[in-house]
Amino acid sequence: MVQKRVLIFAEQVNGELQPIGLELLGSGRLLADKLGATLSALVLGSNIAHLASTLIGHGADEVFVADHPELAQYRTLPYRRVMTDLIKSWPEPPHTILLGSTTTGRDLAPRLAAHLETGLTADCTDLDIGPFEYSNSKDPSKSGLFRDCLYAIRPSFGESLKARILGPWKNPQMATVRPGVMVPLPWDGSRRGEVFQVPVQLDPSDLSLQIVETVRNLSQTTDLTRAEVIVSGGYGLGSPEGFELMQQLAACFPNSAVGSSRKAVDSGWIPYAHQVGQTGKTVRPQIYIACGISGAIQHRVGMDKSRTIIAINKDSSAPIFKFAHYGIVGDLYQVVPEMIRQLQQN
Ligand code: FAD
């Protein structure tokens, strides 16, 4: 019997798995269970054999490891070739392929889709499997009942609608998924899976681009997607100095970071790396404290899956109070210093 697969691409940097790979496994597990499929993970890099057990512990049934010095750092052409060669070597293409909506995933996914001659739904925030009945009078060959269709759900029209995008006519059905929206499975050391080495055969033309130096972007050091507590400031701060207060509140919590609304970023008060929302980062911390943020839909979509949302706003009719778990109506310049004082005492 031909094996049905859901394949996820697990990104690594310097031998360290990136959170998105584990998030994709969490989502991929649900899809694979619905399909009765194998959940496969593919990781590319150099000296990365140790990553397979982590991927299995987080839900993969099988892991394909492409380990080669030329794959040490991400480059489009070698990665694309190794992935395409592997997928084409299988008797059946995977049912679904998932990549992260990260810098790497956004570069790689469309090229992979083109080489596999299939479609791609980018920047999804939810995924599901379900039946889909379609009638096309102009092209009856496309009509029919598709039992196992990937429902790729993504915000559209400025995030005011959630579009379900379907392409069941050809496998693989492909999607990229926003970091921070899917929940990884807890580690289970008792899980067992198979590990396969992927043969790497590169063409000299794949290596035309050489990486000379990698420079860390210091403004990107704020890893909002990993923080457990985010203190976010909006236009209600009134000035860039307000973010010093946000820093002080964040410093009261371990593993915390400072976020912001776009209006604060556009005002030049804080770098873009801190922006949360539709055109910023999607976050899901344990606690999100929104200070002087009105709660516009474009901000909300990036943070409303946070476990606990606390809003501080002087306007009791601000939209953020409609979805915050706790709300404080008041001037943030009175409320936040008092919060800091109380937290420092405890
Ligand atoms: P405002 O809406 O001006 O709200 C400021 C709030 O502060 C008010 O509610 C006010 O009552 C309160 N306030 C003022 N002073 C105080 C005080 N002293 N104490 C307490 N409260 C006070 N926005 C994002 O955030 N992220 C995005 O990714 C994003 N993407 C966008 C994409 C598109 C295509 C578009 C069209 C818009 C996008 N926006 C985004 C912008 C979004 O629509 C809002 O304009 C923005 O979120 C508003 O930011 P804000 O809440 O900080 O400011």
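Residues numbered from 1 in each chain as written. Predicted model: local features only at pLDDT ≥ 70, side-chain atom pairs only at ≥ 80, totals over all residues. Heavy atoms only, no water.

In the annotation of an unreviewed UniProt entry, the protein chain is listed under the name Electron transfer flavoprotein subunit alpha/FixB family protein and assigned to Thermostichus vulcanus str. 'Rupite'.

One finds Ile8, Leu25, Val43, Leu55, Val63 and Leu127 to be the most contacted residues of the largest nonpolar core, which totals 33 residues. The leading source of residues in this core is helix 1 (residues 19-35), at seven residues. Once residues lying within four places of it in the same chain are set aside, the contact partners of valine 63 are Ala41, Val43, Ala52, Leu55, Ile56, Glu194, Val195 and Phe196. (Core = buried A, V, L, I, M, F, W, Y, C linked by side-chain atoms within 4.5 Å. Buried < 20%, exposed > 50% of the residue type's maximum accessible area, 1.4 Å probe, protein only. Helix = DSSP H or I, 4+ residues; strand = E, 2+ residues; numbered from the N terminus. Contact = heavy atoms within 4.5 Å.)

Across all of its chains, the model carries nine aromatic pairs by this definition. Centroid distance phenylalanine 64 to phenylalanine 196: 5.0 Å. Interplanar angle 20 degrees. Geometry classified as stacked. Within this pair, whereas phenylalanine 64 is found in strand 5 (residues 62-67), its partner phenylalanine 196 is found in strand 12 (residues 194-197), the two being separated by 132 residues in sequence. For the pair tyrosine 134 and tryptophan 169, a centre-to-centre distance of 5.1 Å together with 75 degrees between the ring planes defines the contact as edge-to-face. (Phe/Tyr/Trp six-rings, centres within 6.5 Å; stacked < 30°, edge-to-face > 60°.)

To continue, consider unusual backbone geometry. Here the bond from asparagine 171 into proline 172 is cis, since omega is 5 degrees, no more than 30 degrees from zero. By secondary structure assignment, the location of proline 172 is in the loop between strand 10 (161-165) and strand 11 (173-177). Backbone geometry at aspartate 123 places phi at a positive 65 degrees, although glycine is not the residue there.

Another point: the sheet that holds strand 6 (residues 96-100). Across the sheet, which stays open at both edges, the seven strands sit in the order 7-11-6-1-4-5-12 with parallel pairing between neighbours. Two strands close off the open sheet at either side, each with one partner strand: strand 7 (120-124) and strand 12. Between one strand and the next, the sheet's axes are offset by a mean angle of 20 degrees, whatever the strand orientation. Bridge analysis of strand 6 against strand 11 gives five bridges, and the strand direction is parallel. Counted as the bridge partner of leucine 98 is alanine 175 from strand 11. Relative to strand 4 (residues 38-45), helix 3 (residues 76-89) is tilted by about 150 degrees, and along the sheet it contacts strand 1 (5-9), strand 4, strand 5 and strand 6. The strands touched by helix 4 (residues 103-115) within the sheet are strand 1, strand 6, strand 7 and strand 11, with strand 11 carrying the most contacts at an inclination of about 170 degrees. (Pairing = 2+ DSSP bridges. Axes fitted to C-alpha atoms, helices over the stretch in contact; angles between N-to-C directions.)

Further remarks concern the environment of serine 256. Mapped onto the secondary structure, serine 256 falls in strand 14 (residues 256-260). For serine 256, a relative accessible area of 26% puts it in the partly exposed group. Spatially, the C-alpha atoms of serine 256 and glutamate 133 are 46 Å apart, while their sequence positions differ by 123 residues. Engagement of the side chain of serine 256 in a polar contact is seen with the backbone oxygen of alanine 250, the distance being 2.6 Å. (Polar contact = N/O pair within 3.5 Å; in protein donor to acceptor, adjacent residues only side chain to side chain.)

What follows is about the side chain of histidine 299. By the secondary structure assignment, histidine 299 is in helix 7 (residues 297-300). With residues near it in sequence (within four places) discarded, histidine 299 still touches Ser260, Ser261, Val276, Gly277, Tyr288 and Ile293.

Under the counting rule described, the total for this entry stands at 14 salt bridges. In this structure, the salt-bridge partner of arginine 75 is glutamate 70, at a minimum N-O distance of 2.8 Å. The class for arginine 75 is buried, based on a relative accessible area of 7%. (Salt bridge = Lys/Arg side-chain N within 4 Å of Asp/Glu carboxyl O.)

With that settled, the discussion passes to the environment of leucine 24. Among the structural elements, leucine 24 can be located in helix 1. When its relative accessible area of 0% is taken as the criterion, leucine 24 is described as buried. Placed 153 residues apart in sequence, leucine 24 and valine 177 show a C-alpha to C-alpha distance of 7.7 Å.

Time to look at the site of the ligand. The environment of the ligand is made up of 24 residues, and the closest members are Tyr235, Ser261, Thr279, Ser294 and Asn313. Within the contact set of the ligand, an oxygen atom lies 2.9 Å away from a backbone nitrogen or oxygen of arginine 262. The separation between a nitrogen atom of the ligand and a polar main-chain atom of lysine 314 is 3.1 Å. Expressed as a share of its isolated accessible area of 990 Å², the protein-covered part of the ligand is 77%. Elements supplying a minimum of two residues to the shell around the ligand: helix 6 (262-266) and helix 7. In terms of residue class, the shell around the ligand is made up of five nonpolar, 14 polar and five charged. (Near = heavy atom within 4 Å. Areas by Shrake-Rupley, 256 points an atom, 1.4 Å probe, with all protein chains shown as cover. Nonpolar A, V, L, I, M, F, W, Y, C, P; charged D, E, K, R; others polar.)

Right, let's get into the sheet that holds strand 17 (residues 326-329). Taken in spatial order, the five strands of this open sheet run 14-13-15-16-17, and their pairing is parallel. Edge positions in the sheet fall to strand 14 and strand 17, since each of these pairs with one other strand and no more. Pairs of neighbouring strands in the sheet enclose a mean axial angle of 15 degrees, with direction left out of account. Bridging between strand 15 (residues 287-291) and strand 16 (residues 308-313) involves five bridges; their strand directions are parallel. The partner of isoleucine 287 across the bridge, within strand 16, is threonine 308.

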